[in-house]
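Listed here are the chains, written in short residue letters.
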Amino acid sequence: SDSFVHPSSVSEKRVAAAFSAVLNVDSDRVGLFSDFFDLGGSSLHIIRLYKALDSVVSMALLVKLRTVNAIASQLELCSSPSSALVLPAVPAVSP
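Every value quoted in this text rests on a predicted model; they were computed, and no experiment measured them.

Each value, and the rule that gives it
- Residues numbered from 1 in each chain as written.
- Predicted model: local features only at pLDDT ≥ 70, side-chain atom pairs only at ≥ 80, totals over all residues.
- Heavy atoms only, no water.
- Axes fitted to C-alpha atoms, helices over the stretch in contact; angles between N-to-C directions.
- Helix = DSSP H or I, 4+ residues; strand = E, 2+ residues; numbered from the N terminus.
- Parallel < 35°, antiparallel > 145°, perpendicular 65-115°, else oblique.
- Left-handed = near helix turned anticlockwise from the far one by under 90°.
- Contact = heavy atoms within 4.5 Å.
- Nonpolar A, V, L, I, M, F, W, Y, C, P; charged D, E, K, R; others polar.
- Salt bridge = Lys/Arg side-chain N within 4 Å of Asp/Glu carboxyl O.
- Buried < 20%, exposed > 50% of the residue type's maximum accessible area, 1.4 Å probe, protein only.

1. What to know about the packing of helix 1 (residues 10–23) against helix 2 (residues 43–52)
The interhelical angle for the contact between helix 1 and helix 2, taken along N-to-C directions, is 140°, at an axis separation of 10 Å. As the angle between them shows, helix 1 and helix 2 are arranged oblique. At the point where helix 1 passes helix 2, the crossing takes the right-handed sense. The residues of helix 2 that touch helix 1, namely those facing Arg14, Ala18, Phe19, Val22 and Leu23, are His45, Arg48, Leu49 and Ala52. Partitioning the contact of helix 1 with helix 2 into residue classes produces six nonpolar, one polar and two charged.

This is the structure:
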């Protein structure tokens, strides 16, 4: 098993705090490589985690990714401006 590493980035701390709140575990027990299910998470908890993270990462991905580190990385990808869908400007049509 990985040695305990404290979350350091904003996203890592956000995910770790969500794990702690949703699972009602001490935040000191939630490290960078902590697995959501190993900490006591279930499919019902995934729904709460999804909501706690503002529905940014899909529930299916949360189940697949499982760890603070992996979910935080995905959260950063989903939240970065470059990943947003950019639609071309449509010129106004004169009547």
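2. A few points about the pattern of salt bridges
Any two side chains of opposite charge can pair if their charged atoms end up close together. For the structure on display, the rule yields two salt bridges. Arg14 is the salt-bridge partner of Asp54, the closest N and O atoms lying 2.6 Å from each other. Of this pair, Asp54 sits in the loop between helix 2 and helix 3 (59–65) while Arg14 sits in helix 1, and the two are 40 residues apart along the sequence. Overall, the relative accessible area of 56% leaves Asp54 in the exposed class. One salt bridge connects Arg66 with Asp35, and the closest N-O pair in it is separated by 2.7 Å. With Arg66 in the loop between helix 3 and helix 4 (68–79) and Asp35 in the loop between helix 1 and helix 2, this pair connects stretches of sequence that are 31 residues apart. Residue class for Asp35 comes out buried when judged on its relative accessible area of 14%.

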